[in-house]
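A look at the structure
Single-letter residue listing:
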Amino acid sequence: MQEINLGNFNHGSCSSLIEELGFQLISSPELNNAEPNTIVPISIETLPQFNEADSIVMLGSNFSERKELDNFESHQLSNIKQAWSENAIAQSLDVSKAGRVYFIPAYLCLGLPGAIGTELYLEELKEQLLPPE
């Protein structure tokens, strides 16, 4: 993992849903100066500036060729989970040490922008963020 792509606060329902749930989104100077709905790459070396975050939600996608569609969701997240777990900078963050990095397939809010995608995205967040009942 050499860089991470950040979407700004106006980047569709992915960020607006998080804000509506009461989370405060943090940003970087590169992203603050970008046009709405822009994705900005940041170097992995800038991750320590986000060390005060309580949680990190990573949206992952992987559309490399697959012969089978079973485990589609796992396939979407496998690369980003592996890259995060193997990166010393990412693992040095307090949020990583506390186990509060969550991985959500990006297609839930970007590829399914309607009510169904919203419901699936919120269900996935709920499942990961809340302890089992």
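Residues numbered from 1 in each chain as written. Predicted model: local features only at pLDDT ≥ 70, side-chain atom pairs only at ≥ 80, totals over all residues. Heavy atoms only, no water.

**Structural notes on the environment of Leu21**
Mapped onto the secondary structure, Leu21 falls in the loop between helix H1 (12–20) and helix H2 (29–32). For the pair Leu21 and Leu122, spaced 101 residues apart in sequence, the C-alpha to C-alpha distance is 9.5 Å. (Helix = DSSP H or I, 4+ residues; strand = E, 2+ residues; numbered from the N terminus.)

**Structural notes on the nonpolar core**
Soluble globular proteins tend to pack their nonpolar side chains together in the buried interior. In this structure, Leu47, Ile56, Met58, Trp84, Leu93, Val101 and Phe103 are the most contacted members of the largest nonpolar core, which totals 15 residues. Broken down by secondary-structure element, the contributors of at least two residues to this core are strand S3 (56–60), helix H3 (72–86) and strand S4 (101–105). Ranked by residue count, the leading element in this core is H3, at 3 residues. Once residues within four sequence positions are removed from consideration, Phe103 is found in contact with Met58, Leu77, Ile80, Lys81, Trp84, Glu124 and Gln128. Of all hydrophobic cores here, the second largest spans 7 residues; its members include Ile18, Leu108, Cys109 and Leu125. (Core = buried A, V, L, I, M, F, W, Y, C linked by side-chain atoms within 4.5 Å. Buried < 20%, exposed > 50% of the residue type's maximum accessible area, 1.4 Å probe, protein only. Contact = heavy atoms within 4.5 Å.)

**So, the side chain of Glu124**
Within the secondary structure, Glu124 is located in helix H6 (residues 115–129). No salt bridge forms around the buried Glu124; measuring N to O, its nearest opposite-charge neighbour Lys81 is 7.3 Å away. Apart from the residues lying within four places of it in its own chain, the contact partners of Glu124 are Glu73, Phe103, Ile104, Pro105 and Leu108. (Lys, Arg positive; Asp, Glu negative; His and termini not counted. Salt bridge = Lys/Arg side-chain N within 4 Å of Asp/Glu carboxyl O.)

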